[in-house]
Amino acid sequence: MSPRHRNTQLGFGATAKQPGARPRREADARHTVDPAACELLEEAKARGIATAFDRFLAQQPQCTFGLDGLCCRVCIQGPCRINPKKAGMDRGICGARDYTIVARNLARAIAGGTACHSDHGRHIALTLLHVAQGEIGEENYRITDEDKLRRIAQRIGLETAGVPVAELARRVALAALADYGRYTDEPCTWLDTTITSGRQAKFRHCGINPSAIDRAVTEIMNQTAMGMDADPVNIIFGGLRTALADYTGMHISTDLSDVLFGTPTPIVSQANLGVIDPDYVNIATHGHNPTLSSLVVDAAAALAEEARQAGAKGVNVVGICCTGNELLMRDGVYLASNVSGQELAIMTGALDAMIVDVQCIMPSVRAVAECYHTCVIATNPLVKIPGTYHVDFREEKALETAKEMVRLAIQSYGRRDPDKIRTTDHRQDVVAGWSLEAFTDLLAGLDRDRPVKVLTDAILEGEIRGVALFAGCNNLKVAQDSSHLAILKGLLANDVFVVATGCSAGAAAKAGLMAPGSFEQFGGEGLKRFLGRLRDAAGTKYGLPAVFHFGSCVDNTRAADLWTAMARELGVDVPKVPFVASAPEAMHEKAVSIGSWVVAMGIPTHVGVMPHIEGSELVYGVGTQVAHDVYGGYFILDPNPESAVARLLDALEYRVWKLRVHRKAAERFGTTLSTVY
Ligand code: BF8
Ligand code: SF4
């Protein structure tokens, strides 16, 4: 463990930044620990095709000003690259100091992530509105989960009795859209109605309640412009307000996707590149938004006969990234890979089309596809990649457009080059579909009235040590999936109950950590007992996994709903709940915004790739130490998986210990539970 990342007994409080220390990893020569990806990378090498793995190495060494967050390009007098320790270079041309520049860069990354998630949520809300108003035909979209719609409506304070479903959907959609553009100062509805009263008070007290998502993004861009805010703490508070707007947009996405496409229930499928089957017309849906991909699934089923006429056995839709997670958890669609495997899917030579919507789509997919027959189809007006097909996807003719794309894939199947087919056998069984509702049902097998108590009791009694959320991306600074898997296995063996989303869920799925019954293989004795009890009580048709797939990245809000439910069950605020989070291979701006709201919600949050904040001791200290005092959550920045496991376990242990002490004290003195964390 490097001295910078020494742990304290409490599990938080990384030591102050030590000059000259640079504990970043060297480029990992292994590239990936995914066996399917290894095979395909060999193929790339043999064919002389450059991938992101090669380009990562070509970028070395990366600029240390950028890595430290000390490069300012906010105005075009810059870039100003400053060195806080060198006289004359210790501030930018305008006089901005290290802490201002680092805080501004961080806040702008949060704004970027918030824009992505919230635009996704807006799209879903608009789709629901158009369905409710009868502007989109039933063959395209419909309200699939009326119960969830009613529960959401009640939660946000709408009258539901006697209101017809379409009208209720219209009101819910309008309430969601109001969270984007409110001009008064009330907090966003989706934030305020889904958190504990303790968090409501905390956010109000700190003045970080967003009143509208779009306003939060606009304000932080203004606040961090040249000649605006120079106070790093005020900038960080602005960043956190934006991050809470991110949470709001994500929660809207999850809720309204469930209404439109159904709330996930456990479903068995498979993951890894071996799901690309050369006997079928293979279509990868890649990106994030289920409005497009769910229709591709319908269109593929409808056109199976056309595929058979073309000589294939049918159409096989597979998913990549979060679109893959959305389809896996609702429809059991195979998950081909997480973000770093997107080019490799094309290199199987059997991928006939890749249909992309928004976010995490590397422009390089087109360059790789040029070496193959694969037809890359972009579908969103905000995502055009030179050289690809662009199909204008509109909700009102969604099925028709989806069929058009499936037909392109069938035509492309006829252009395959048999010499280039290099599919792999690596695929793992997966049981996915753990919405919070599905997981609560599982707990209800042991206690119908207070299902969440089953989980909190298991923690208080020491059967399991707490809950961990695994989230975030692949980042090629780390061998693909290696940190996810090392930390996941470390926590499972130490009896932590684990849920995962996004590309972290993809890593777990591909490695067999979500296979039915896999908890028996990867869990410690306590976790095995706990999940064994749940399995026996629920009498499930499928075996339980070691890691529970909680969905796509926007579904991190399902995990947030879980810690909120645990806080309510325990009668405390979130900072006392034995719950931690980890993004071992964080990459995207979206991961920065998620990590920031997870910390503000009160959760110790590990990040395994150093964010660009090391240039300012002040900003570093705020994230790793001061945040704990203010919010109860804090960042554990540690690229070493072994010490990350130890520090996450410490954080859980500290919370359980404190919870027990406070409970005992309250019992003994007949008082209410202490609110101190
Ligand atoms: O939104 S985990 S690489 S795919 S950003 Fe992207 Fe990161 Fe994957 Fe899902 Ni989330
Ligand atoms: Fe340089 Fe200041 Fe402009 Fe940033 S805002 S580029 S520090 S002059």
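Being a predicted model, the structure only gives us computed values, none of them experimental.

A. Quick look at the overall build of the chain. When helices and strands are tallied, the chain shows 26 helices and 16 strands. In terms of C-alpha radius of gyration, the chain reaches 24 Å, essentially the compact-globule figure of 26 Å for 677 residues. With respect to the principal axes defined by its C-alpha atoms, the chain has extents near 75 × 65 × 50 Å. Taking all 677 residues of the chain together, the buried fraction comes to 62%. Considering only residue pairs separated by 6 or more positions, the chain has 76% of its internal contacts joining residues 24 or more positions apart. In the form shown here, the chain has an accessible surface area of approximately 24,600 Å², with 51% of it arising from carbon and sulfur atoms.

B. Summary view of the coordination of the nickel atom of ligand 1. Of the protein atoms, Cys553 (SG) alone serves as a donor to the nickel atom of ligand 1, at 2.2 Å. Because the angles between the 4 donor atoms bound to the nickel atom of ligand 1 fall within 89 to 167°, the donor set is best described as irregular. With respect to the secondary-structure elements, Cys553 resides in the loop between β13 (547–551) and α23 (556–570).

C. Main features of the packing of aromatic side chains. Enumeration according to the criterion identifies 13 aromatic pairs in this entry. An aromatic cluster is present here, built from Trp434, Phe439, Phe497, Phe530, Tyr542, Phe548 and Phe550 joined pairwise through their rings. The positively charged end of Arg81 is found above the aromatic ring belonging to Phe65, 5.2 Å away from the centroid. In this arrangement the basic side chain of Lys420 is found over the ring face of Tyr372, its NZ or CZ atom lying 5.5 Å from the centre.

D. Layout of the layout of surface pockets. Roughly 550 Å³ of volume is contained in the second largest pocket. Considering the residues around the second largest pocket, the lining is formed by 27 residues, among which Asp119, His123, Asn289, Asn380 and Pro381 are closest to the centre. Contributions of two or more residues to the lining of the second largest pocket are made by α4 (98–132) and α11 (290–302). Sort the elements by how many residues they give to the lining of the second largest pocket and α4 lands first, with 9 residues. For the lining of the second largest pocket, the residue count by class is 10 nonpolar, 9 polar and 8 charged. Counting residues domain by domain, the lining of the second largest pocket receives three or more from each of domain 1 (89–261) and domain 2 (273–420).

The rules behind each value
- Residues numbered from 1 in each chain as written.
- Chains lettered and ligands numbered in written order.
- Predicted model: local features only at pLDDT ≥ 70, side-chain atom pairs only at ≥ 80, totals over all residues.
- Heavy atoms only, no water.
- Helix = DSSP H or I, 4+ residues; strand = E, 2+ residues; numbered from the N terminus.
- Rg over C-alpha atoms; globule rule 2.2 N^0.38 Å.
- Buried < 20%, exposed > 50% of the residue type's maximum accessible area, 1.4 Å probe, protein only.
- Contact = heavy atoms within 4.5 Å.
- Areas by Shrake-Rupley, 256 points an atom, 1.4 Å probe, with all protein chains shown as cover.
- Donors = N, O, S within 2.8 Å, 3.2 Å for Na, K, Ca; no water.
- Tetrahedral: all angles 85-135°; square planar, octahedral: opposite > 155°, others 65-115°.
- Phe/Tyr/Trp six-rings, centres within 6.5 Å; stacked < 30°, edge-to-face > 60°.
- Lys NZ or Arg CZ within 6 Å of the ring centre and 35° of its normal.
- 1 Å grid on protein atoms, 1.4 Å probe; cavity = no way out; pocket = protein on both sides within 12 Å on 5 of 7 lines; lining within 4 Å.
- Points joined across faces, edges and corners; volume = space filled by probe spheres on them.
- Nonpolar A, V, L, I, M, F, W, Y, C, P; charged D, E, K, R; others polar.
- Domains from an automatic or database assignment.

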